[in-house]
Amino acid sequence: MIAKKLFLGCAGIVFAGQAFAQVELKTYADRDGYLDVQKLTCAQLANTFQEDADYLAAWYSGWYNGLGKKHMMQVSRAKALQHEVIVHCKANPGKKVIEAIDVVFKDYRTDQGIKMNK
């Protein structure tokens, strides 16, 4: 009886782990291999492998810095903000990643006393 309960408990853990298995970022691409970064959800980001999340964070950083005509990156800050975006995404899986980035960046700027030009 104890062995049966132990087996069922272990099987439950294995199947629960598979329900949250991580996938490659390309899973969310269209049939031509393109990923619409403006539609990517936090749940999708949180469900990717760490390497893919890192790659995507670098892409978003380049995108946002390009929009702001900035050409410098502070590596430690970028890594910390990436971590905050992922934490925010795990807490808000229904949001889009670009919304999470907006929230995290605004909070960071507020905490640091950074004023944005309008």
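To be clear, the structure that these remarks concern was listed above.
A quick note: this is a predicted structure, and the numbers were derived from the prediction, not measured. (Residues numbered from 1 in each chain as written. Predicted model: local features only at pLDDT ≥ 70, side-chain atom pairs only at ≥ 80, totals over all residues. Heavy atoms only, no water.)

A. Representation of the state of the cysteines in the model. Within this structure, the stated rule accounts for 1 disulfide. Residue Cys42 pairs covalently with Cys89 via a disulfide, S to S 2.3 Å. Its S-S torsion of about -50° marks the bond between Cys42 and Cys89 as left-handed, since a negative value means left-handed. Here Cys42, found in helix H2 (residues 42-46), pairs with Cys89, found in helix H4 (residues 75-91); they are 47 residues apart in sequence, far enough to count as distant. (Disulfide = S-S within 2.5 Å. Helix = DSSP H or I, 4+ residues; strand = E, 2+ residues; numbered from the N terminus.)

B. Inspection of unusual backbone geometry at higher detail. Backbone geometry places Lys69, a non-glycine residue, at a positive phi of 55°. Considering the arrangement of structural elements, one finds Lys69 in the loop between helix H3 (50-67) and H4.

C. Expanded view of H4. When the terminal C-alpha atoms of H4 are compared, their 25 Å separation across 17 residues agrees well with the 24 Å that a helix rising 1.5 Å per residue should span. Along H4, the residues that are buried comprise Leu81, Gln82, Val85, Ile86, His88 and Cys89. Along H4, the residues classed as buried sweep out an arc of 160° about the axis, all on the same side. Away from the buried face of H4 by more than 90 degrees, exposed residues Ser76, Lys79, Lys90 and Ala91 are located. Packed against the buried residues of H4 are H2, H3 and helix H5 (97-112). (Expected span 1.5 Å × (residues − 1). Buried < 20%, exposed > 50% of the residue type's maximum accessible area, 1.4 Å probe, protein only. Arc of directions from axis to C-beta. Contact = heavy atoms within 4.5 Å.)

This is a description of form; function is not addressed.
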